[in-house]
Amino acid sequence: MKIIVCGCGPGSPDYLTPAVHRVVAGAVLLVGAKRLLDLFPASGAEQIPVGADIEGILKIIESRWQQQQVVVLVTGDPGISSLAQPVLRRFGRDACFLIPGISSVQVAFARLGLDWIDAKIIDAHGKNPEYDLEDLGKGKKLAILGGRQEASAWVQSCCRQWGDDYRLFCCENLSLPGERISEMAPEDLDGPVLSSLTVFLLIHGDCL
Ligand SMILES: C[S@@+](CC[C@H](N)C(=O)[O-])C[C@H]1O[C@@H](n2cnc3c(N)ncnc32)[C@H](O)[C@@H]1O
């Protein structure tokens, strides 16, 4: 038996794959953020909501995964800043089977009608990243996982460093009822608080 980690997309049930539905139908234990568990109201599996105590969740998985089908739900794609990483670190790749999902980053680029083969993805979701901004500014497409005031301030500092060459797009609540894509000036980030579900795209003017 393997632990199955399912990418559940950016939040809308429309962005869930049939593969994930099939796996969830066979789950005995479902582990994930409440908003992901809520995507499967018909599931008869035991549900454990994930909060801040990741170690506690890993211990529960540890005690169950060899006897019962444990399914871990993550937002978007498991490969981009998700619970998949601590699960893989703890149990190893051979013990896990990953099902890809539609990432919020993919949806953000799709909304702008841009390809993203040359994009750099930056995680500012949990804490601000430590990059040499001069190096980072050599890339022409940056996707930044935001959703915290501090992340917005970090994006502002990137914009200040790189001048007017880049355009800034804030992609909030992708696929959800409050979805909003807004082009902003860096100083606009001082204003209204953005959604906790926000991807920033910083795109060099040459690419638009
Ligand atoms: C822990 S990371 C998970 C990323 C996820 N694995 C993915 O591939 O989208 C959480 C961050 O993803 C982004 N995010 C997730 N869902 C989103 C949505 N519906 N709209 C905008 N951003 C979203 C936000 O930047 C949020 O802070």
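Procedures and definitions
- Residues numbered from 1 in each chain as written.
- Predicted model: local features only at pLDDT ≥ 70, side-chain atom pairs only at ≥ 80, totals over all residues.
- Buried ≥ 20, exposed ≤ 12 C-beta atoms within 10 Å, placed from the backbone.
- Helix = DSSP H or I, 4+ residues; strand = E, 2+ residues; numbered from the N terminus.
- Pairing = 2+ DSSP bridges.
- Axes fitted to C-alpha atoms, helices over the stretch in contact; angles between N-to-C directions.
- Contact = placed C-beta atoms within 7 Å.
- Near = placed C-beta within 6 Å.
- Nonpolar A, V, L, I, M, F, W, Y, C, P; charged D, E, K, R; others polar.
- Domains from an automatic or database assignment.

*Asks:* A description of the pairing of strand S4 (residues 70-74) should follow, citing residues and the corresponding values.
*Replies:* Judged by how many residues are buried, S4 sits mostly within the fold: five of five residues are covered. Of the two faces of S4, both are covered, the one formed by Val70, Val72 and Val74 as well as the one formed by Val71 and Leu73. Bridge analysis of strand S2 (residues 29-32) against S4 gives three bridges, and the strand direction is parallel. Its bridge partner lying in S4, valine 31 is registered against valine 72.

*Asks:* Please set out the sheet that holds strand S6 (residues 120-123) residue by residue, giving values where relevant.
*Replies:* Here we have five strands laid out as an open sheet, ordered S6-S7-S10-S8-S9, and mixed in their pairing. The sheet terminates laterally at S6 and strand S9 (180-184), the two strands that pair on one side only. Recorded for the sheet is a direction-independent mean angle of 20° between the axes of neighbouring strands. With four bridges connecting them, S6 and strand S7 (residues 141-145) associate as parallel partners. Each bridged residue has a counterpart across the sheet, and for isoleucine 121 the counterpart in S7 is alanine 143. Its contacts with the sheet place helix H5 (residues 104-112) against S6, S7, strand S8 (166-172), S9 and strand S10 (198-204), and it is angled at close to 50° to S10. Most of the contacts of helix H7 (residues 149-162) go to S8, to which it runs at about 165°, and overall it touches S7, S8 and S10.

*Asks:* Explain the pairing of S2 residue by residue, including any values.
*Replies:* Pairing analysis gives four bridges linking S2 to strand S3 (residues 46-49), with the strands arranged parallel. Looking across to S3, one finds that valine 31 is bridged to isoleucine 48.

*Asks:* Can you tell me about the sheet that holds strand S1 (residues 3-7), naming the residues and giving the values?
*Replies:* Overall, parallel pairing links the five strands, which are arranged S3-S2-S4-S1-S5 in an open sheet. Both edges of this open sheet fall to S3 and strand S5 (96-99), since each of them pairs with a single strand only. With direction set aside, neighbouring strand axes in the sheet form an average angle of 20°. Of the strands in this sheet, S1, S2, S4 and S5 are in contact with helix H1 (residues 18-25), which crosses S1 at around 145°.

*Asks:* Give me the lowdown on the site of the ligand, citing residues and values where you can.
*Replies:* Taken together, the neighbourhood of the ligand is formed by 25 residues, with Gly76, Ser103, Ser104, Gly147 and Leu174 sitting nearest. Among the elements of the structure, H5, S8 and S10 are those that each provide at least two residues to the shell around the ligand. Residue composition of the shell around the ligand, by class: 10 nonpolar, 13 polar and two charged. Of the residues that make up the shell around the ligand, three or more belong to each of domain 1 (3-99) and domain 2 (104-207).

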